[in-house]
Number of protein chains: 2
Amino acid sequence: MALVSIPSNMDRTGREAAEDADGGRARAGELLGEVVTRRLRDDILEGRLRPGERIRQEAVARELGASRIPVREALLQLENEGLVSLAPYSGARVAKLDFAEYTELYRIREQLEPLAIAESAPRLSDEAIAQLRHLMLQIEQTRDPATWLALDRRFHLASYAAAPMPRLLKMIEGFWNSTQQYRRAFYAAVSAPRDGPLAGDQPLTVVEHRLLFDALERRDPLDAEAILRSHIRRTQLTLAGRQEVFDE
Amino acid sequence: MALVSIPSNMDRTGREAAEDADGGRARAGELLGEVVTRRLRDDILEGRLRPGERIRQEAVARELGASRIPVREALLQLENEGLVSLAPYSGARVAKLDFAEYTELYRIREQLEPLAIAESAPRLSDEAIAQLRHLMLQIEQTRDPATWLALDRRFHLASYAAAPMPRLLKMIEGFWNSTQQYRRAFYAAVSAPRDGPLAGDQPLTVVEHRLLFDALERRDPLDAEAILRSHIRRTQLTLAGRQEVFDE
DNA sequence: CACCCTCGTTTTGGATACAACCTCCGCGCC
DNA sequence: GGCGCGGAGGTTGTATCCAAAACGAGGGTG
């Protein structure tokens, strides 16, 4: 019952830029509720809190040395991000998507992420391209499922980051977070042993990433958009094919 | 400084189904924070609270006979809906979109609402069609800007309602809420006097609604999708053409 | 043996009280 | 006259405390 990870700085799987660096300690002039939010969000995304698991306000508060007020704020925030579901007087649970909700989210992603990449591609700096290339190569050499997951996420989000649409980018990040549990379950189920070959849909993903990167390097919005749309659709179908990921 | 409307049941412009009927009083077993949320949201959407106006927790709490705790809950909720912007220790203000954010939201709507109507069209019940026809006819006969706005909103949201994608529908409603201030300003600026002819883009909108309704009556997803996409795009351009709506 | 009702415990929702921080107005300085 | 600054007042953030509702164990009943 690892409610909130104590220090647990994780392995961090080679994140150099560290977009979301410190998940635990308070930043300067930051509200307590935001600290709690980040902590709980990380715990959910990293799988330390399982879907359906109950989150007790008092326990979280004690563990962080705060009162329940900031915890409630954090839970509200996370509910709006779709990571937690609240029921009045009944408490908070880590959100759990059923198959229909999962499909819905992918349909939405299929509309929004192509838009994001089309707006981003022509605006990518040379540094951003270099960073994307680096991430792509790292992904191809990774065997560990958790690392693969983290890098894949960073690759895609970085490919959208130049789009001048902050609200869209926030929404997309939220979708990645909400569906993370299934990607984790999927890669945990299919991935091969250390030093083995890539498994599951990883070989196909590698090819798609290569194509996507090529389009991005050319700053070609139409091409990138088309490849990405097909990539998202194929990924959705692949996960959906693994029914065991959805029941438990 | 009408912070929160006292009783003010509004004119309600002939809402029979009353989806969001009671904006003020508490429903059975409802959390206080949700009451506050609905109240503030209505105040913002109906224009009683102006964009940029400050919202003081204490004032809202006193006016509703509650403490500040539920008010804070409501403000967080509304921030996530994009209707309020919060700054730590500095307070809450009614959110105000600049032109770039406004454009961004329309780009997103242009992707999501066609998806929603394509999923909804084949699933519309005969009753829903009848309701849509009724709304369409009401819109054509309305001259009052506020009524036009409310009916137009109901018409479009009703046309999506049969889509089995609850999260998508919630998002779309949020976009309508966020951009409401500009639609209001636009129709307030262009609309003709009582008993005059339709003004501004209203004649074109009437034609588009007729085409859209025809496609919906046939339950034709592709046709509805195409018409809606063009309708959204034209609306965005029309509003953007009226620069005076954006500066003040 | 399964189901339902009851009552105590636990947990959440909300109010009050206190501490941290910002806002804003007036003053001094350039 | 405009700009920066500092303190008083006010607003927000958080902790503590009380009320209300859900959860669960235990016993009774069909």
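Everything below is about the structure printed above this text.
So, here's what we can say about the structure. Predicted model only: the values in this text are computed from it and were never measured.

Read from one edge of the open sheet, three strands run E1-E3-E2 (chain B), paired in antiparallel fashion. Here the strands that pair on one side only, and so sit at the sheet edges, are strand E1 (54–55) and strand E2 (84–87) of chain B.

In this section: the packing of aromatic side chains. As enumerated under the stated definition, the model contains ten aromatic pairs over all chains in all. Summarising the aromatic geometry, the rings of B:Trp148 and B:Tyr187 are spaced 5.7 Å apart at their centres and angled 50° between planes, so their arrangement reads as tilted. With a gap of 39 residues between them, B:Trp148 in helix H6 (residues 145–160) and B:Tyr187 in helix H7 (residues 166–190) connect regions that are remote in the sequence. An identical accessibility class is assigned to B:Trp148 and B:Tyr187; each is buried. Among the aromatic residues, ring-to-ring pairing joins A:Phe99, A:Tyr102, A:Tyr106 and A:Tyr182 into one connected group. The positively charged end of A:Arg109 is found above the aromatic ring belonging to A:Tyr106, 4.7 Å away from the centroid.

Before going further, it helps to spend a moment on the relation of the copies chain B and chain A. Of the two same-sequence chains, chain B is brought onto chain A (RMSD 0.1 Å, axial shift 0.1 Å) by a rotation of 180°. Both copies of the chain, as the preceding transformation shows, are related through a two-fold rotation axis. For chain B, the smallest separation between a C-alpha atom and the rotation axis is recorded for B:Gln111, amounting to 2.9 Å.

By size, the foremost hydrophobic cluster in this structure holds 90 residues, and its most contacted members are A:Leu216 and B:Leu216. With near-sequence residues (within four places) excluded, A:Leu216 lies in contact with A:Ile117, A:Ala121, A:Leu124, A:Ile129, A:Leu132, A:Ser159 and A:Ala224.

What follows concerns the protein's contact with DNA strand C. Lining the immediate environment of DNA strand C, one finds 19 residues, of which A:Gln57, A:Arg68, B:Leu32, B:Ser67 and B:Ser90 sit closest. Among atoms of DNA strand C positioned within 4 Å of the protein, sugar and phosphate together represent 72%. Here a base nitrogen of DNA strand C and a side-chain polar atom of A:Arg68 are 2.9 Å apart. Interatomic distance of 2.7 Å between a backbone N/O atom of B:Leu32 and a phosphate oxygen of DNA strand C. Broken down by secondary-structure element, the contributors of at least two residues to the surface near DNA strand C are strand E1 (54–55) and helix H3 (68–81) of chain A together with helix H3 (68–81) of chain B. The residue inventory of the surface near DNA strand C, partitioned by class, reads ten nonpolar, four polar and five charged.

All names here are of chain A. For the pair helix H6 (residues 145–160) and helix H7 (residues 166–190), interaxial distance at closest approach is 11 Å and the crossing angle is 155°. Between H6 and H7, the interaxial angle falls into the category roughly antiparallel. Handedness of the crossing formed by H6 with H7: right-handed. Contact with H6, carried on its side by Pro145, Trp148, Leu149, Asp152, Arg153, His156, Leu157 and Tyr160, involves Leu169, Ile172, Glu173, Trp176, Asn177, Gln180, Arg183, Arg184, Tyr187 and Ala188 of H7 and no other residues of that element. Across the contact of H6 with H7, the residue classes tally to ten nonpolar, three polar and five charged.

What follows is about helix H5 (residues 126–141) of chain B. In an α-helix, one turn spans 3.6 residues; hence positions three or four apart end up facing the same way. Residues and elements named next belong to chain B. Here H5 is 16 residues long and its end C-alpha atoms lie 23 Å apart, about the 22 Å a rise of 1.5 Å per residue gives. Those residues of H5 that fall on the buried side of the exposure criterion are Ile129, Leu132, Leu135, Met136, Ile139 and Glu140. Buried residues of H5 fall within an arc of 135° about the axis and therefore sit on the same side. Away from the buried face of H5 by more than 90 degrees, exposed residues Asp126, Glu127 and Gln141 are located. Buried residues in H5 make contact with H6 and helix H8 (202–217).

The subject of this paragraph is the packing of helix H5 (residues 126–141) of chain A against H6(A). Residues and elements named next belong to chain A. Put simply, H5 and H6 touch, their axes get as near as 9 Å, and they point 155° apart. Taken together, H5 and H6 sit at an angle that is classed as roughly antiparallel. Here H5 runs over H6; the crossing is left-handed. Taking contact as the criterion, the partners of Gln131, Leu132, Leu135, Met136, Gln138 and Ile139 in H5 are, on H6, Trp148, Leu151, Asp152, Arg154, Phe155, Ala158 and Ser159. Of the residues in the contact of H5 with H6, the class split is eight nonpolar, three polar and two charged.

On to helix H2 (residues 57–64) of chain B. Residues and elements named next belong to chain B. What H2 keeps buried is the set Ala59, Val60 and Ala61. Elements that come into contact with the buried residues of H2 comprise helix H1 (32–45), E1 and H3. At the C-terminal side of H2, glycine 65 shows a positive phi close to 70°.

Listed as interface residues are 29 residues of chain B and, on the opposing side, 28 residues of chain A. Summing both partners gives a buried area of about 2,500 Å² for chain B against chain A, and 59% of it is carried by carbon and sulfur. Sorting the residues of chain B by area buried against chain A places B:Glu104, B:Gln111 and B:Arg167 first, and these three jointly supply 24% of that buried surface. For the pair chain B and chain A, the number of links is four salt bridges. When the shortest N-O distance is used, the salt bridge between B:Arg107 and A:Glu119 registers 3.0 Å. The tally of links between chain B and chain A comes to eleven residue pairs in polar contact (both at pLDDT 80 or more). Put simply, the parts of the chain that give the side of chain B that touches chain A at least two residues each are H3, helix H4 (99–120) and H7 of chain B. The dominant element in the side of chain B that touches chain A, judged by the number of residues it contributes, is H4(B), at eight residues.

Okay, the sheet that holds E1(A) next. Whether parallel or antiparallel, the strands of a sheet pair through hydrogen bonds between backbone atoms. Residue and element names in this part refer to chain A. If you walk across this open sheet you meet the three strands as E1-E3-E2, and the pairing is antiparallel. Edge strands, defined here as strands with exactly one partner in the open sheet, are E1 and strand E2 (84–87). Sheet topology note: the E1/strand E3 (residues 91–94) ladder contains two bridges and is antiparallel. For arginine 54, the partnering residue across the bridge sits in E3 and is arginine 93.

Rules of the game
Residues numbered from 1 in each chain as written. Chains lettered and ligands numbered in written order. Predicted model: local features only at pLDDT ≥ 70, side-chain atom pairs only at ≥ 80, totals over all residues. Heavy atoms only, no water. Pairing = 2+ DSSP bridges. Helix = DSSP H or I, 4+ residues; strand = E, 2+ residues; numbered from the N terminus. Phe/Tyr/Trp six-rings, centres within 6.5 Å; stacked < 30°, edge-to-face > 60°. Buried < 20%, exposed > 50% of the residue type's maximum accessible area, 1.4 Å probe, protein only. Lys NZ or Arg CZ within 6 Å of the ring centre and 35° of its normal. Least-squares fit on C-alpha atoms with pLDDT ≥ 70 in both. Core = buried A, V, L, I, M, F, W, Y, C linked by side-chain atoms within 4.5 Å. Contact = heavy atoms within 4.5 Å. Near = heavy atom within 4 Å. Polar contact = N/O pair within 3.5 Å; in protein donor to acceptor, adjacent residues only side chain to side chain. Nonpolar A, V, L, I, M, F, W, Y, C, P; charged D, E, K, R; others polar. Axes fitted to C-alpha atoms, helices over the stretch in contact; angles between N-to-C directions. Parallel < 35°, antiparallel > 145°, perpendicular 65-115°, else oblique. Left-handed = near helix turned anticlockwise from the far one by under 90°. Expected span 1.5 Å × (residues − 1). Arc of directions from axis to C-beta. Buried area = accessible area lost by both parts, 1.4 Å probe. Salt bridge = Lys/Arg side-chain N within 4 Å of Asp/Glu carboxyl O.

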